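Residue strings, one per chain:
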Amino acid sequence: MAAILESSTLDGTDLALLEQLQDDSSLSNQDLAARVHISPATCLRRVKRLWDAGLIEREIAILSPGRLATAVGHGLEAVVEVSLDRQGSEEQEAFEQRVIADEAVQQCYRVSPGPDFILIVFARDMQDYLALAQRLFTSDANVRNVKAFFSVKRAKFRPRIGLPRRG
């Protein structure tokens, strides 16, 4: 069971570690320790504590959609707004569970105000996107409105949570 770590127990070093890990989680323990000015042993212990507390969920690789499209044919990235007809918690949960199970859905957010969900989806081509739209949206009687925005260029992608300023 993950240990509970309250925000009041996070100090400047913990915040610096989290900040560095958000920028590059592939840093070696030695390099991470040097960047936040602590010993490697202290760094290892603190990072383990942050993992155990559930503050770090996982490590991922950020792929280049343009280069990947050339190599394997994944050519469309879309930001999709979805509004439901009925917005009760059961209906929202049912929709969310259905879309997050689909491999094409990379990210899913419940949002307010405006649409009920924002999805980031990937498809090989337009035909693949149309199949996704049929599978996830058209076949669901509770989906009222769908608006898709197709990415023509990713100018910035920084999966980062804003941390309080150290000071």
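The text that follows walks through the structure, step by step, so that each part is easy to find.

To continue, consider the side chain of Asp140. Here Asp140 shows up in the loop between helix 6 (126–138) and strand 4 (143–150). At 2.8 Å, the side chain of Asp140 forms a polar contact with the backbone nitrogen of Asn142. Every residue in contact with Asp140, bar those within four places of it in the chain, is listed here: Phe95 and Arg98.

A word on the sheet that holds strand 2 (residues 105–110). Pairing is antiparallel across the open sheet formed by four strands, whose spatial order is 2-3-1-4. Looking at strand neighbours, the two that pair on one side only are strand 2 and strand 4, the edges of this open sheet. Neighbouring strand axes in the sheet, compared pairwise and without regard to direction, differ in orientation by 20° on average. Across seven bridges, the pairing between strand 1 (residues 76–84) and strand 3 (residues 117–123) is antiparallel. Across the sheet, the residue bridging to Glu81 is Ile118, located in strand 3. Along the sheet, helix 5 (residues 89–100) contacts strand 1, strand 2, strand 3 and strand 4; its crossing angle with strand 2, the most-contacted strand, is approximately 165°.

What counts, and at which threshold
Residues numbered from 1 in each chain as written. Predicted model: local features only at pLDDT ≥ 70, side-chain atom pairs only at ≥ 80, totals over all residues. Heavy atoms only, no water. Helix = DSSP H or I, 4+ residues; strand = E, 2+ residues; numbered from the N terminus. Polar contact = N/O pair within 3.5 Å; in protein donor to acceptor, adjacent residues only side chain to side chain. Contact = heavy atoms within 4.5 Å. Pairing = 2+ DSSP bridges. Axes fitted to C-alpha atoms, helices over the stretch in contact; angles between N-to-C directions.

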